[in-house]
Amino acid sequence: MNRGDDRPYTVDADTEAPLSQPGWRGRAREWRPVAALLRAIETGQGGVVLVEGCSGMGKTLLLHKATEAAMRTEIAVAHGAADELGRLAPLAPLVTALDAPALMSPEPTTGSAADLRLALVERLRALLEERVGQGPILITLDDLHWADPTTQLVLRSLLPELTSYPLGWILARTSAIGDPGVDRLFELLEREGADRIVLGPLDDLAVAEIAFDTLGATPGPDILEMAAEAKGNPFLLVEMLRTCKLEGMVEVAGGSARLTSPASVRVGARSPLVSLSAPTRRLIQVAGILGRSFSVDDLAEMLGEPVDALLPGLAEAVRAGIVVPAVDRLTFRHDLLWRVVTDMISEPVRTALQRQAGCMLLRRGAVVPAAAHFMRCARIGDTRALDGLDRAAQAVLPYSPQSAVDLAMRALELTGAADPDLLARTATAVEALTAAGRLAEAIESARAALRRAPPGPWTDRMRCELASVLLQSGRAAEAVAEAEGLLAQHDLDDDLRGVAELTVFHGLLALHDFGRGRARANAILTDRAGHKDTALVGALLLRSHIAWEEARAADAFRDVHEAVRVASTGSAAARRAHPRLFLIRCLFGVGWYAEAESVIQAAAADFETYGPTSHVADPAFFRACVSLATGRPDDAAAEAEAGLKAADEMGAYAYALLGLATLAILELRRGNVEAAAGHIEHIEAKLQAAHGPMYGSAWSAWADALVREAQGGPERAMEALATCYSDLRSRRWMLMLEPNAAAWMTRTALAAGRRSAATRIVETARQIAHDNPGFPSLAASAAHAHGILHGDATALAEAAAHHSDPWGAASAAEDLGVLLISDVPDGACDSDTKAAIARFDEATDGYVKIGALRDAARTRARLRNLGVRRRHWTYANRPDTGWDSLTDTERSVATFVSQGLTNRQVATQMFLSPHTVSFHLRQVFRKLGITSRVELARNAPPQETSANDG
């Protein structure tokens, strides 16, 4: 990173447009977004500019000019570029730009099996927040059409969240080249507010202007006809015109230029090389094998010469404009020029040079760059190349599974059927395919290998892996069958036996087949010393699930707490069972929300350390549920939306139903029935498109029932929960999952004229409360349902006082008000009526505080029927803008940020995710009409200012 000088400078879109440069005549419009970005960085804001063009010259010139302009200010500059040969190296452009190779260092405690992509995102977030704390930064990344999958992931995830810092980005690529994932990256960033500059082919006027600039005279018709061969590509056009001028093919007379002999684009592209001396041409060709950008030390070793012997040739190449300095490396001035150089080498020679380069890099331990060469030159049975590919696949697997897939599959293509390493390479390929989410291919590869492999330790490991992949792909019955077949072997390795047992337990959970699992779990837990921690965690989790389904909360908590303890102090495989996820669901069901938030924080730390990325969004989804239950609707929406955004970025939809259900319930409470129905439709689409298990279907059914009742009445609502009304096991699960379900389902069944169904709900809730005396929220739920069915005012008052969920408490107060006036003649005014009015007021206040405007409107209507009119307060009585418009959470975020804390530091302080802090901060900026942390700190009120209710 380079700091600019101390001269004051202000970017001006008109004066700083590089109009004098060939290829930029008439393109001030393309410069203006860059100038605006630099001005924003100077004032403490961030932003993103996307640049794409049909050739590299225009975008490269734009990045160069932006860098020059930034370095005249106090803006630090960092530059990186992707490379076709470097696509296998995770995060290569950013590691280069930030000069931070330590980003890729694995955690010493994780082991090679850990998925470190989440950790990598967080490391980079912390590094960028640290660097920008030292001053404003502009980061330019060129040639992103060759960006590796991890770079794409990080840019998708972090850039929208870092716009509150004085951190600017210019991302450039050449159109119609590279990975479709880069298209997705640019589209996402543009939706998030990035400016997009498209440098199309030059028009006829620009071509004529460039010809005038290059030749120093007005181009004649023959020159313009020749120039048309460049098809608007500024690089080809300029090279062709320069060649014609240097080789005396242009005659200038009377201010006009004409050709003296025919010329073509091909001549323009090759002519700089033709003019080189033979030794320099050889030197440049070998350099081209190393990549578009290359190290002088590498080139010297390839040529077998000392560095000083290369100086004359390199100086000649620089003078000819073939290569240009780039920090500690040299780079070919244009991608097309590099390709022309390498194309001049015959295929056999190029292959031999690529192998030489791969072996050189492998000797140094640079396994990933070496593998990029071996991918192109290796032949079947090339042991040296195969060793490089094997080592590179293992090196990148924790950071970039997709790159590991490319390496592992290429290694398999080069492996002969009799090669003793075939099975090990297949195992690596299956592991990489699994980590990349390509589960069907992983299953196919594993089964094909098992058909060929003889019985033995490798076969056992592959069968264990196959069972795990089948489970992840939603094929639980097949997974259990594969794992049980493996467990039937008497000589199975103890570690594999433990993993297979864990797979069986997870599979039986997915199948809800607790009959087979109970005896197995009890047997393992009776003989703990004879089993691995993975088996113990699986047994404890299954037994906890059984206890929860049977409404034995204390037993469920005992086993799940023990599973968390065993996993936390055990192996990485045991930790990756993530028993905290079930613990969170249990805590939510009994209304222990503070404890749930603490466990969510611990689970998030585990996901970052051990992966997989399929869990990246889970903490946000669980926080959304807790926020909704505790009456913090804005926080719930922020968490749900942040979780869905992360899920889309990572393809991590395991618990996405929780986020969508939360949003549906929030919109319904706000009175936006159509929007709520839209979220239910999204749930249905997710379930239909799922390629693996999705959790939270019971809670999404609960949200669906709420929406159906609003749209079509109680009968439609009961259709969504038909199984819960008719089946005891499903009914217990729902009542243990959602504290408000018992009362709502009772009321809905009565409204539909189905008293027997209501009675079943009440009886089940009563039994649950009776069997679980240590859980007050279960007692409150049962009392609420009983009060509705039997008209018991005492029970309803008890529920209103003891519900852990504020919406449930307000609902109980409303039900009590309805009961109190049900037997009062119209127009009468007795103590019951006064008590009912008080209860309706209580319910209205409760609903308003948590943003349940639809419910509040209903209780106001009840009050009006009693002749009482209350002022119609808006949600939390907050204005739309200004400091008084902020929720409690938004105010806390604003306070911490104004004190100089980074988003990650704020997240740690508030038990949130950085994603969610960023979401809240954007809301703060919108409400305050500001755009940067600098403005926030400048305008922050004194800390003692009270916050509004959230």
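Structure: above.
The sections below set out a description of the structure shown in this document. For clarity, every value in this text was computed on a predicted model and none was experimentally measured.

So, about the overall build of the chain. Helices and strands together make up the secondary structure of the chain, namely 48 helices and 11 strands. In terms of overall dimensions, the chain has a C-alpha envelope of 110 × 75 × 45 Å along the principal axes. Looking at the chain as a whole, 56% of its 950 residues qualify as buried. Considering only residue pairs separated by 6 or more positions, the chain has 68% of its internal contacts joining residues 24 or more positions apart. For the chain, the separation between the mean place of its 99 positive charges and that of its 119 negative charges on side chains is 1 Å.

Right, let's get into the sheet that holds strand β10 (residues 323-326). Overall, antiparallel pairing links the three strands, which are arranged β9-β11-β10 in an open sheet. Each of the sheet's edge strands pairs with one partner strand only, and the pair in question is β9 (293-294) and β10. Pairing of β9 with strand β11 (residues 329-332), which is carried by two bridges, proceeds in the antiparallel orientation. Bridging across to β11, Ser-293 finds its partner in Thr-331.

Below, the discussion takes up the environment of Ala-435. Residue placement: Ala-435 occurs in helix α19 (residues 422-435). Given the relative accessible area of 32%, Ala-435 is considered partly exposed. Here Ala-435 is in contact with Arg-117, Leu-397 and Pro-401, once residues within four sequence places are set aside.

With that settled, the discussion passes to the pairing of strand β7 (residues 250-253). Where β7 meets strand β8 (residues 256-259), four bridges bridge the pair, whose relative direction is antiparallel. Among the inter-strand pairings, Val-250 is bridged to a residue of β8, identified as Leu-259. Once β7 ends, the chain turns through two residues before running back antiparallel as β8, passing Gly-254 with a positive phi of about 60°.

With that settled, consider the packing of helix α7 (residues 204-215) against helix α9 (residues 234-246). When two helices pack together, their arrangement is given by the angle between their axes and by how far apart the axes lie. Close contact between α7 and α9 brings their axes to 10 Å; oriented N to C, the two are set at 35°. Taken as a pair, α7 and α9 cross one another with a handedness that is right-handed. Contact residues: α7 offers Val-207, Ile-210, Ala-211, Thr-214 and Leu-215, while α9 offers Leu-237, Val-238, Leu-241, Arg-242 and Lys-245. Here the contact of α7 with α9 is built from residues that sort into seven nonpolar, one polar and two charged.

With that out of the way, let us pick up unusual backbone geometry. The phi torsion at Leu-91 lies on the positive side, around 65°, for a residue other than glycine. Its location among the elements puts Leu-91 in the loop between β2 (76-81) and α3 (92-98). Residue Leu-91 is classed as buried on the basis of its relative accessible area of 0%. For His-512, which is not glycine, the phi torsion reads 55° and is therefore positive. Here His-512 lies in the loop between α23 (494-511) and α24 (514-526).

On to helix α44 (residues 853-865), then. Between the first and last C-alpha of α44 there are 18 Å, a value that for 13 residues agrees with the 18 Å anticipated at 1.5 Å per step. Within α44 the residues assigned to the buried category are Asp-855, Ala-856, Thr-859, Arg-860 and Leu-863. Looking straight down α44, one finds that the buried residues subtend no more than 140° of arc, so they occupy a single side. Directly beyond the C-terminal end of α44, a positive phi value near 80° is found at Gly-867.

Overall, the coordinates contain 56 salt bridges when judged by the stated rule. Where Arg-858 meets Asp-855, a salt bridge forms, and the shortest distance between an N and an O atom there is 3.0 Å. With Arg-858 and Asp-855 both in helix α44, this residue pair falls three residues apart, about one helical turn. Connected via shared salt-bridge partners are Arg-518, Arg-543, Glu-550, Arg-552, Asp-555, Arg-558 and Asp-559.

Turning next to the sheet that holds strand β4 (residues 167-174). Read across the sheet, five strands follow the order β2-β3-β4-β1-β5 without closing on themselves; strand pairing throughout is parallel. Each of the sheet's edge strands pairs with one partner strand only, and the pair in question is β2 and β5 (195-199). Neighbour-to-neighbour, the strand axes of the sheet open up by a mean angle of 15°, direction not taken into account. Where β2 lies against strand β3 (residues 137-142), six bridges are found, and the strand directions are parallel. Looking across to β3, one finds that Ala-81 is bridged to Asp-142.

Right, let's talk about helix α42 (residues 806-822) for a bit. Its 17 residues place the ends of α42 24 Å apart at the C-alpha level, agreeing with the 24 Å of an ideal helix rising 1.5 Å per residue. The element α42 is largely enclosed, with a buried count of 12 among its 17 residues. Three or more residues of α42 are buried, namely Trp-807, Gly-808, Ala-809, Ala-810, Ser-811, Ala-812, Ala-813, Glu-814, Asp-815, Leu-816, Gly-817 and Leu-820. Taken together, the buried residues of α42 touch α32 (656-670), α38 (741-751), α40 (776-790), α41 (793-802), α43 (831-849) and α44. Two or three places before Trp-807, at the opening of α42, Asp-805 has a side-chain oxygen 2.7 Å from that residue's backbone nitrogen.

Before going further, it helps to spend a moment on the nonpolar core. Membership of the largest hydrophobic core comes to 173 residues, with the highest contact counts inside it found for Leu-124, Trp-169, Leu-171, Trp-548, Trp-699 and Met-745. Setting aside residues no more than four positions away along its own chain, Met-745 makes contact with Leu-721, Cys-724, Tyr-725, Met-734, Leu-735 and Ile-761. Among the nonpolar cores identified, the runner-up in size contains 95 residues, and Ala-217, Met-226, Val-286 and Leu-397 belong to it.

As for its position among the elements, His-615 is in the loop between α29 (593-610) and α30 (618-629). Classification of His-615 as buried rests on a relative accessible area of 12%. Of the polar contacts made by the side chain of His-615, one reaches the side chain of Asp-618; its length is 2.4 Å. Once residues lying within four places of it in the same chain are set aside, the contact partners of His-615 are His-578, Leu-581 and Phe-607.

Below, the discussion takes up the pairing of strand β1 (residues 47-53). Taking burial as the measure, the seven residues of β1 include seven buried ones, the bulk of the element. Burial along β1 is two-sided: Gly-47, Val-49, Val-51 and Gly-53 and Val-48, Leu-50 and Glu-52, pointing in opposite directions, are all buried. Taken together, the seven bridges between β1 and β4 define a ladder with parallel strand orientation. Each bridged residue has a counterpart across the sheet, and for Glu-52 the counterpart in β4 is Arg-173. In this structure, β1 lies alongside β5, joined through five bridges in parallel fashion.

Let's shift gears to the environment of Thr-889. Residue placement: Thr-889 occurs in helix α45 (residues 888-898). Residue contacts for Thr-889: discarding those within four places in its chain leaves Asp-635, Met-910, Leu-912 and His-920. At 2.4 Å, the side chain of Thr-889 and the side chain of Asp-635 are in polar contact.

Rules and cut-offs
- Residues numbered from 1 in each chain as written.
- Predicted model: local features only at pLDDT ≥ 70, side-chain atom pairs only at ≥ 80, totals over all residues.
- Heavy atoms only, no water.
- Helix = DSSP H or I, 4+ residues; strand = E, 2+ residues; numbered from the N terminus.
- Buried < 20%, exposed > 50% of the residue type's maximum accessible area, 1.4 Å probe, protein only.
- Contact = heavy atoms within 4.5 Å.
- Lys, Arg positive; Asp, Glu negative; His and termini not counted.
- Charge placed at Lys NZ, Arg CZ, Asp CG, Glu CD.
- Pairing = 2+ DSSP bridges.
- Axes fitted to C-alpha atoms, helices over the stretch in contact; angles between N-to-C directions.
- Left-handed = near helix turned anticlockwise from the far one by under 90°.
- Nonpolar A, V, L, I, M, F, W, Y, C, P; charged D, E, K, R; others polar.
- Expected span 1.5 Å × (residues − 1).
- Arc of directions from axis to C-beta.
- Salt bridge = Lys/Arg side-chain N within 4 Å of Asp/Glu carboxyl O.
- Polar contact = N/O pair within 3.5 Å; in protein donor to acceptor, adjacent residues only side chain to side chain.
- Core = buried A, V, L, I, M, F, W, Y, C linked by side-chain atoms within 4.5 Å.

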